[in-house]
Amino acid sequence: MQLVMSPVKQCSDWLLGRHNGTTNHVHMNDSADKSNAPLVLRPKARILRTLGEELISSETVALIELVKNAYDADAENVLILFEGELVEGKGSISVIDDGHGMDMATIHDSWMVIATSSKKSSTTSRSGTRRVLGEKGIGRFATARIARELELFTRTISQKQTESYAIFDWSQFDNDELFLEEIEFLAEEQDAKFVTTYSPIYEYKDESTHARVSGTYLKMNRLKHTWERKDLEQLRRGLSRLISPFHSNSDFNIYVQLPPPHDELATKISPPEIIDYPHYKAAGAIEGDGKFSYQIEVLETQKKAEFEGKFIRALVNDEWVVVAANSERDDQIESESAEDISCGAIQFELRVWDRDDLENVVQKVGGGIRSIRKDLDAIAGINIYRDGFRVLPYGEPDNDWLRLDLRRVQNPTRNLSNNQITGYISISADENPLLHDRSNREGLDNNSAYADLQNMMMQVLSEIENSRFKAKRRDGSTATPHQDEPGMFEMPDFESVVESIKKDESKQTTLELVSKVEADWRSQIKKVQVVLSQYHALATLGGIVDKILHDGRQPLAKIQMEAGLGKETAEQLSGSQKDSKATSSVVKSFKTIVTQSSVLSDVLRRAEPFGGRKRGRQKKYYIEELIKDYFALYERELEKAKIRTDLPSTDTLVTIDQTELSEILTNLITNSIYWLHSVPEDEREIRVHVERQDEGPLELVFSDTGPGVHPEDRDQIFTPYFSKKPDGHGLGLCLVGEIVKDYYGGSAELLDSGKQRGAVFRLTFNRRV
């Protein structure tokens, strides 16, 4: 593939010949002696067509790549000009910029070199003010994706009266007979006709800059794709999010011109006005070592919450997860089960809307609810920007890269969906070297740095959801629900009505009392309905758990028995044979089977409390022994996380439902294990204390040395769907509170831990014990 210098007349004749199929090509002389010639790869011309289609996924992506090239060329303005019929085989699209342009040497040495390293070796633009966006040297494939022919007009400041011109017939690559070296493009330097002050781009330029004429005019003729309205709207949406709408570059403007009937879509690209009126906002930064500082604001009440600490990658249940460590102790976290994140420093801003509560937004922006929701749909999604420019496809309508919609299905009351959020994450090529593009320019490599980025943003989103959850609660009291509110199954109080009738009070007074009782009863029914809907999925899950337990235990018992017998037999053979290497290996394998089946048995025992079977009669137990049994089920996790336990050594005989106690302890233990990963290993401890005076209430105090509960969250932790875990359902502590209150007439309280860090829960059992 080569560039041939030729006058314009020859360019036209050559192009006409190409179209008529009359152009001759020079081939290797068949009679030449090839016996001693070195072997050389001779790619067919069509390879570039194939590469172009793989590397540039769509026409919209192609145009965005060309806009990025204009940015790299220090352009202040770029115009996308649609002309003629926008149907396949007709019309044209031009991308016109006022950047520094190219001379013929640059075209020959850089633009014509596929995968050139010019931008990779020089990471800033010629002015030194911009980080270049293109590094792979494949941008010219974008023009081949859009049209069959390209006319390139370009001019530098040093070209006073002339411009460089080249013509590219991309249809040559459709010829299966041509080799790559046989492809020719013609070029010349001509009198300036396109890159002048009469160029359409100068309609948008400041008149003071007209004396400095330079730039590039890419005119793509004979379109390969019919552009419909939905394609143009998609392009406008993609361009509106190409530059961060939160910190838009004032020195770079994008314009679109369109012919009828689509001329109403012609515009200067800018984000919708609704972006300035979210319900919630979060903004902050995460440093390269994981230290974070961000703020969440509820715009309606102007209430703000500050968050500081350090994200670390911790090994939890054999899986690496990102957790937020306490900011005062993060420097001490050095262990085999924790390590620093690897994605590098980032900045972010997220804006969130309640789509069912947009009346205030309508008043500020105008239009109707439907129009506002359409604007939200257009900007929805969390975008990633590298050095100020968007990385595709993050934030596109069908790209839920944080899997928010799937997560919302699991917990629709609390979790946010993708169409409620818009935002940006700012990265840079220098600060985030591991967050690099895939070869097709469509997304980042799926490596550990990318996983860290996803997990950290889920931590931030979880805190936004908690702030939103608290803001939407109707009752603003700080009382813990399980202490002061009536139980779910308590009957309405008719005592005041009875007394009114006995005293023969007026009919009006009695009716008012009846109405009050009725309202209280309706409220209680509504509470029952909400709880039943919350636990409906859990009931279904309980049936599944029962099925697994029933069908799994019998084969597991068979595996354990046979593996044990096999191990004994292999040990006997090993002892009776001289060469016992093979039998020793068999013994080792049987031991592994026995050990792993024991692990599986523990898993089934843990799942048993969550089955849907009817509870049996209460029996008498020493509660301390039950507590030790439940902790034994988590022995491996506790040892791996180096968590010490301090369990009660008293003997307290109680009558209790073992399954209900199992549900309580399972939730408390798993919560503690999760949060203790965010503190240094030498501080990890769980303590359980049991106390009972004579036949009075039974008290169980469960505490850990984790990060504790933030003061603003103390009144929320027993509320359904409130969770500080990114993937938490918010039902664990709610279940604990419901069981203790509704079945045992007691209370579940979060106590003040004083100077000691961590969470301290006191469970009081008043009856049935």
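The preceding data block contains the structure.
Everything quoted here is computed from the prediction, not taken from an experiment.

1. Points about the overall build of the chain
The number of helices and strands found in the chain is 19 helices and 25 strands. Counting only residues that meet the buried cut, the chain has 48% of its 769 residues in that class. Contacts spanning at least 24 positions in sequence make up 72% of the contacts within the chain whose residues lie at least 6 apart. Carbon and sulfur atoms form 50% of the exposed surface of the chain, whose accessible area is close to 38800 Å².

2. So, the packing of aromatic side chains
Two numbers describe a pair of aromatic rings. These are the distance of the centres and the angle of the planes. The final tally for this structure, using the stated rule, is 23 aromatic pairs. Seen from their ring centres, W111 and F168 are 5.2 Å apart, and the 50° between their planes marks the pair as tilted. You can see W111 sitting in helix 4 (residues 104–111) and its partner F168 sitting in strand 5 (residues 162–169), a full 57 residues away along the chain. Residue F168 is classed as buried on the basis of its relative accessible area of 0%. Among the aromatic residues, those joined into a cluster by ring pairs are W111, F168, W170, F173 and F185. In this structure, R42 is placed above the aromatic ring of F179, and the distance from its NZ or CZ to the ring centre is 3.8 Å.

3. Overview of helix 19 (residues 732–744)
Along an α-helix, a turn takes 3.6 residues, which lines up residues three or four apart on a common side. Here helix 19 contains 13 residues, and its C-alpha end-to-end distance of 18 Å stays within 8% of the 18 Å for a straight helix at 1.5 Å per residue. Most of helix 19 is tucked away: 11 of the 13 residues are buried. Once helix 19 ends, the next one or two residues include G745, with phi positive near 60°.

4. A look at unusual backbone geometry
As a rule of thumb, non-glycine residues mostly have phi less than zero, and peptide bonds are mostly trans rather than cis. Cis geometry marks the peptide bond from P260 to P261, where omega comes out at 5°. For P261, the location among the structural elements is in the loop between strand 8 (253–257) and strand 9 (267–268). Here the residue pair L392 and P393 is connected by a cis peptide bond, since its omega of 10° sits within 30 degrees of zero. Mapped onto the fold, P393 is located in the loop between strand 17 (389–391) and helix 10 (404–410).

Rules used in this analysis
- Position numbers for residues count from 1 along each chain, tracking the sequence in the order it is written.
- Two thresholds apply to this predicted model, a pLDDT of at least 70 for residue-level local features and 80 or more for giving and counting side-chain atom pairs, whereas whole-chain, interface and lining totals are computed over all residues.
- The basis for every side-chain value is the complete set of heavy atoms in the structure, and neither hydrogens nor water enter the calculation.
- Elements are defined by DSSP. Helices are runs of H or I of four residues or more, strands are runs of E of two residues or more, and each kind is numbered from the N terminus.
- The buried label applies to any residue whose accessible area, calculated with a 1.4 Å probe on protein chains only, is under 20% of its type's maximum; exposed applies above 50%, and partly exposed to all values in between.
- We call two residues contacting when some pair of their heavy atoms lies within 4.5 Å.
- Exposure was quantified through the Shrake-Rupley algorithm and a 1.4 Å probe, taking into account, for residues, occlusion by the shown protein chains and nothing else.
- Only rings of Phe, Tyr and Trp enter the pairing, Trp through its six-membered ring, and a pair is recorded when the two centres are within 6.5 Å. The plane angle decides the type: under 30 degrees is stacked, over 60 is edge-to-face, the rest tilted.
- Counted as over-ring charges are cases with an Arg CZ or a Lys NZ within 6 Å of the ring centre that also lie within 35 degrees of the ring normal.
- By definition here, a helix of n residues has an expected span of 1.5 Å times n minus one.

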